[in-house]
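Close look at the chain arrangement
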Amino acid sequence: MKLREPQWRREGEMPDYRFSMANERTFLAWIRTAMAILAGAIAVDQLTPQIAPAPVRIVLCLVLAVIGALLAVEAYRRWSLQEQAMRNKRELPHAWLLVAMTVVVAAAGAVVAVLILLVR
Amino acid sequence: MTPRQDGGDETRDPGLQPERTSLAWRRTLLALLVSDFFIWRSWIASLARHAGRIEGSALGLGIAAAVAAAATTVLAGCVLYRSWALRSTTAAPASLLMTTTTSIIALAGATVIAIMLGR
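Residues numbered from 1 in each chain as written. Chains lettered and ligands numbered in written order. Predicted model: local features only at pLDDT ≥ 70, side-chain atom pairs only at ≥ 80, totals over all residues. Heavy atoms only, no water.

The name that an unreviewed UniProt entry assigns to chain B is DUF202 domain-containing protein, with the source organism given as Sinomonas terrae. In the Subcellular location (unreviewed entry) part of its UniProt record, chain B is described as follows: "Endomembrane system". (UniProt positions renumbered as here; feature names shortened; annotations may be inferred.)

An unreviewed UniProt entry annotates chain A as DUF202 domain-containing protein of Sinomonas terrae.

Written out as structure tokens, the structure is:
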């Protein structure tokens with residue numbers, strides 16, 4: 001666990017530990033969201049084999065799994081950008097990820113709803 | 001954004017911040033177990049289908065199950081380390097969060113294998 005700290009960790013000044021920890025918890029919340037998407041992908045695949053023809057189902061679940069992986073990467077990137085902004089007393093970066101995830105989750109919900117209607 | 005400078009602020013909730021953070025880490029570990037359950041379930045089901053003979057999909061799912069177990073172990077290590085480090089309320093090292101992210105990406109890989117080979 002003795003990896004090198006990134007360069008930006010030596011820039012600016014240490015933020016208040018409460019803000020640092022809030023940022024860390026936000027990172028963890030995004031990580032949990034990523035995990036929930038991964039769990040959702042594999043749950044749909046295993047628990048509802050009849051929801052769509054196998055290739056459609058597998059592609060949908062794979063897309064969800066890839067989104068989960070990308071979200072984990074983005075969680076780290078956001079954490080480091082916000083930590084850097086705090087260290088340099090800059091404004092926090094814009095949270096476009098909130099919009100993107102709203103769209104993704106709404107789209108996933110709509111697709112599942114359509115599939116459920118078609119299966120019946 | 002800016003820390004308030006008035007006196008009482010320093011000790012306002014010294015105990016609760018680390019506690020919330022440590023709980024968030026534990027919650028994250030619990031969330032990982034859900035995916036583990038599905039991946040291991042898929043592996044065990046394929047072992048049962050092949051009735052003792054180890055074939056391609058059982059092997060692949062076995063690897064996925066092992067990767068998921070490794071990701072869980074790594075994250076559990078991160079949770080233990082962080083809970084310990086929080087006692088001195090230091091900021092999280094970047095390497096810890098990078099290790100966490102890596103373990104989730106490994107879990108995503110295991111999930112992809114399980115989706116492609118399952119059933």
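There's more to say after this.
Once that is clear, we can look at the UniProt feature "domain: DUF202" (unreviewed entry) in chain A. Mapped onto this structure's residue numbering, the UniProt feature "domain: DUF202" (unreviewed entry) falls at residues 18-83 of chain A. Measuring from the first to the last C-alpha atom of residues 18-83 of chain A gives 12 Å, for a span that is 91% helix and 0% strand. (Helix = DSSP H or I, 4+ residues; strand = E, 2+ residues; numbered from the N terminus.)

All right, on to empty space enclosed by the protein then. Residue and element names in this part refer to chain A. All told, the structure shown has one cavity of 30 Å³ or more when counted by the stated rule. Taken together, Asn23, Thr26, Phe27, Trp30, Ala75, Arg78, Trp79 and Gln82 make up the lining of the largest cavity. Sorting the residues of the lining of the largest cavity by element identifies helix 1 (17-47) and helix 2 (54-87) as the ones contributing at least two each. (1 Å grid on protein atoms, 1.4 Å probe; cavity = no way out; pocket = protein on both sides within 12 Å on 5 of 7 lines; lining within 4 Å. Points joined across faces, edges and corners; volume = space filled by probe spheres on them.)

Following the UniProt record, one finds the feature "transmembrane region" (unreviewed entry) at residues 56-84 and 96-117 of chain B. End-to-end, the C-alpha atoms of residues 56-84 of chain B are 42 Å apart, and along that stretch the chain is 100% helix and 0% strand.

Turning our eyes to something else, we now look at the nonpolar core. Grouped together as the largest cluster of nonpolar side chains are 46 residues, with contacts concentrated most on Phe27 of chain A together with Trp25, Ile39 and Leu75 of chain B. Broken down by secondary-structure element, the contributors of at least two residues to this core are helix 1, helix 2 and helix 3 (96-119) of chain A together with helix 1 (16-50), helix 2 (56-85) and helix 3 (94-117) of chain B. Tallying contributions element by element places helix 1 of chain A first for this core, with eleven residues. (Core = buried A, V, L, I, M, F, W, Y, C linked by side-chain atoms within 4.5 Å. Buried < 20%, exposed > 50% of the residue type's maximum accessible area, 1.4 Å probe, protein only.)

Below, the discussion takes up the pattern of salt bridges. All names here are of chain A. As enumerated under the stated definition, the model contains seven salt bridges over all chains in all. Where Glu83 meets Arg9, a salt bridge forms, and the shortest distance between an N and an O atom there is 3.7 Å. Taken together, the positions of Glu83 in helix 2 and Arg9 in the segment before helix 1 put the pair 74 residues apart, joining distant regions of the chain. Asp16 is paired through a salt bridge with Arg18; the nearest N and O atoms lie 2.7 Å apart. Assessed through its relative accessible area of 15%, Asp16 is described here as buried. For Arg18, a relative accessible area of 10% gives the class buried. Each of Glu5, Arg9 and Glu83 takes part in salt bridges that share partners, so that together they form one network. (Salt bridge = Lys/Arg side-chain N within 4 Å of Asp/Glu carboxyl O.)

With that settled, consider helix 3 of chain A. Residues and elements named next belong to chain A. For helix 3, spanning 24 residues, the distance from its first C-alpha to its last is 35 Å, which sits close to the expected 34 Å at 1.5 Å a residue. Buried within helix 3 we find Leu97, Met101 and Leu115. Tucked into the core, helix 3 has its buried residues touching helix 1 and helix 2. (Expected span 1.5 Å × (residues − 1). Contact = heavy atoms within 4.5 Å.)

What follows concerns unusual backbone geometry. Even without glycine at this site, Lys89 of chain A takes up a positive phi of about 55 degrees. With respect to the secondary-structure elements, Lys89 of chain A resides in the loop between helix 2 and helix 3.

Let us look at the interface of chain B and chain A. At the interface, 50 residues of chain B touch 40 residues of chain A. Joining chain B to chain A, the criterion identifies one salt bridge. A salt bridge links Arg82 of chain B to Glu24 of chain A, with the shortest nitrogen-to-oxygen separation between them at 2.6 Å. At the boundary of chain B with chain A, the tally comes to ten residue pairs in polar contact (both at pLDDT 80 or more). Take the side of chain B that touches chain A: its biggest share by element is 17 residues, from helix 3 of chain B. (Polar contact = N/O pair within 3.5 Å; in protein donor to acceptor, adjacent residues only side chain to side chain.)

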